[in-house]
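Secondary and tertiary structure notes
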Amino acid sequence: VMIREIATGKWIAVSVEPVEAEDVRNLGTGWEFDWLTEIGRAEVFKLIDPAAPKAIYGLIALARRQDHVEVTLLESSPENVGADKRFERIPGCLLSYAVRLSLSLQFEGCLALESKTDLIDHYENKYGFSRLGHSSRMLLMPGAAARLLAEYEKRVVHG
Amino acid sequence: MDKRTDSDEVDILVGGVEAEPDALSETSRFIAIYKQQPAYQAELEEAKKILADLGIDPHTYGMPNAKSLLDHWHRCIADLTGNGAQRPDAGHANEKARSSE
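Right, let's walk through the structure included here. (Residues numbered from 1 in each chain as written. Chains lettered and ligands numbered in written order. Predicted model: local features only at pLDDT ≥ 70, side-chain atom pairs only at ≥ 80, totals over all residues. Heavy atoms only, no water.)

**Some words on the overall build of chain B**
- Helix and strand content of chain B: 3 helices and 1 strand.
- Ordered by position from the N terminus, the helices and strands of chain B form the series α-α-α-β.
- Counting only residues that meet the buried cut, chain B has 34% of its 101 residues in that class. (Helix = DSSP H or I, 4+ residues; strand = E, 2+ residues; numbered from the N terminus. Buried < 20%, exposed > 50% of the residue type's maximum accessible area, 1.4 Å probe, protein only.)

**Let's talk about the environment of arginine 29 of chain B**
All names here are of chain B.
- Structurally, arginine 29 is set in helix α1 (residues 23–36).
- Arginine 29 sits in the partly exposed class, given a relative accessible area of 47%.
- As a C-alpha pair, arginine 29 and leucine 51 span 22 residues in sequence and 26 Å in three-dimensional space.

**So, the packing of aromatic side chains**
- Scanning the model with the defined rule gives 7 aromatic pairs over all chains in all.
- Ring centres of tyrosine 57 of chain A and phenylalanine 87 of chain A lie 5.0 Å apart, and the angle between their planes is 55°; this geometry places the pair in the tilted category. With tyrosine 57 of chain A in strand β5 (residues 52–64) and phenylalanine 87 of chain A in strand β7 (residues 87–88), the pair connects residues that are 30 residues apart, well separated along the chain.
- Owing to a relative accessible area of 7%, tyrosine 57 of chain A belongs among the buried residues under this scheme.
- Ring centres 5.8 Å apart and planes at 85° place the aromatic pair tyrosine 34 of chain B and tyrosine 40 of chain B in the edge-to-face group. (Phe/Tyr/Trp six-rings, centres within 6.5 Å; stacked < 30°, edge-to-face > 60°.)

**Some thoughts on the sheet that holds strand β2 (residues 11–13) of chain A**
All names here are of chain A.
- Reading across from one edge, β2-β1-β7 is the order of the 3 strands in this open sheet, with antiparallel pairing throughout. Edge positions in the sheet fall to β2 and β7, since each has one partner strand and no second.
- One ladder, built from 3 bridges, connects strand β1 (residues 2–5) with β2; its direction is antiparallel. Bridging across to β2, arginine 4 finds its partner in tryptophan 11. (Pairing = 2+ DSSP bridges.)

**Things to note about the pattern of salt bridges**
- Counted according to the given criterion, the structure contains 17 salt bridges over all chains.
- Glutamate 38 of chain A is paired through a salt bridge with arginine 41 of chain A; the nearest N and O atoms lie 2.9 Å apart.
- A residue is classified by how much of its surface remains accessible, and glutamate 38 of chain A, at 4% relative accessible area, is buried.
- The residue aspartate 71 of chain B makes a salt bridge to lysine 67 of chain B at a minimum N-O spacing of 3.0 Å. Of this pair, aspartate 71 of chain B and lysine 67 of chain B both sit in helix α3 (residues 66–80), 4 residues apart, roughly one helical turn.
- Taking the relative accessible area as the measure of exposure, aspartate 71 of chain B reaches 26% and is therefore partly exposed.
- Each of Arg65, Glu70, Glu114 and Arg137 of chain A takes part in a single network of salt bridges with overlapping partners. (Salt bridge = Lys/Arg side-chain N within 4 Å of Asp/Glu carboxyl O.)

**Re the packing of helix α5 (residues 142–153) of chain A against helix α2 (residues 40–53) of chain B**
- Packing of α5 of chain A against α2 of chain B brings their axes to within 8 Å, and their N-to-C directions diverge by 15°. It follows that α5 of chain A is roughly parallel to α2 of chain B by the angle criterion. For the crossing formed where α5 of chain A meets α2 of chain B, the hand is left-handed. Facing α5 of chain A, whose interface residues are Pro142, Gly143, Ala144, Ala146, Arg147, Leu149 and Ala150 of chain A, α2 of chain B presents Tyr40, Glu43, Leu44, Glu46, Ala47, Ile50 and Leu51 of chain B.
- Looking at side-chain class alone, the contact of α5 of chain A with α2 of chain B contains 10 nonpolar, 1 polar and 3 charged residues. (Axes fitted to C-alpha atoms, helices over the stretch in contact; angles between N-to-C directions. Parallel < 35°, antiparallel > 145°, perpendicular 65-115°, else oblique. Left-handed = near helix turned anticlockwise from the far one by under 90°. Contact = heavy atoms within 4.5 Å. Nonpolar A, V, L, I, M, F, W, Y, C, P; charged D, E, K, R; others polar.)

**Focus: α5 of chain A**
- For α5 of chain A, spanning 12 residues, the distance from its first C-alpha to its last is 16 Å, which sits close to the expected 16 Å at 1.5 Å a residue.
- Burial of α5 of chain A is extensive: 9 of the 12 residues sit out of reach of the surface. (Expected span 1.5 Å × (residues − 1).)

**What to know about the interface of chain A and chain B**
- Between chain A and chain B, the residue contacts involve 77 residues of the former and 56 residues of the latter.
- Between chain A and chain B, roughly 5,800 Å² of surface is buried when both sides are summed, and carbon and sulfur atoms account for 62% of that area.
- The tally of links between chain A and chain B comes to 3 salt bridges.
- Measuring nitrogen to oxygen at the nearest pair gives 3.5 Å for the salt bridge that ties glutamate 108 of chain A to lysine 35 of chain B.
- Taken together, the residues that form the side of chain A that touches chain B break down as 40 nonpolar, 13 polar and 24 charged. (Buried area = accessible area lost by both parts, 1.4 Å probe.)

Structure follows, in structure tokens:
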């Protein structure tokens, strides 16, 4: 998967890996969520640049359910949120990994998450999630999951 | 917050939203009904074609054994809770899942 440096347009190949205890202990300040607590409830994965693996660009927490994978938390690193963020595509790359885990568990890519109200449209339009009724629950079904993978795992040949 | 939907300028995050008590059962119900729809098989076929175009192995979908991820998670928790006896060993590093290009 690849993220893009906004200022330069440069693409960076990154990888998603399970966090180590040391990662969670040394996260630093500015993160919105309590990842130390979350890791007791769900598997946590980090987005890193293999060339500089100490820097964590984003985290995602995934819980295996009966027929889908649930995204319980997802957050870009503090320096990658807001108008001055350095990289884009971090959330999509993390969601792409969640789809892969879902596929490997024979869930056909199905994901679920609880969305903040003002992000529902974004999950639908950008990532292909469908809203469950009028709830805050968003589901990603197999066709949309494959398209999300295609978008975030395609190889960039220029830029 | 910027709410443009055609770029990554929206700061996506997941968390802080309490699920309905029946969220899990409703999700399973939705998925079961969805899979019974006539168009579902065609959707699956389209998805498989997309995955094949990406070069993703249909058996593993590019992931190593998902079980090893669970084992890693349990060792990580043991480490964080002070049970050093269950720290991941160096050999385990080769088993870790990676999704990279």
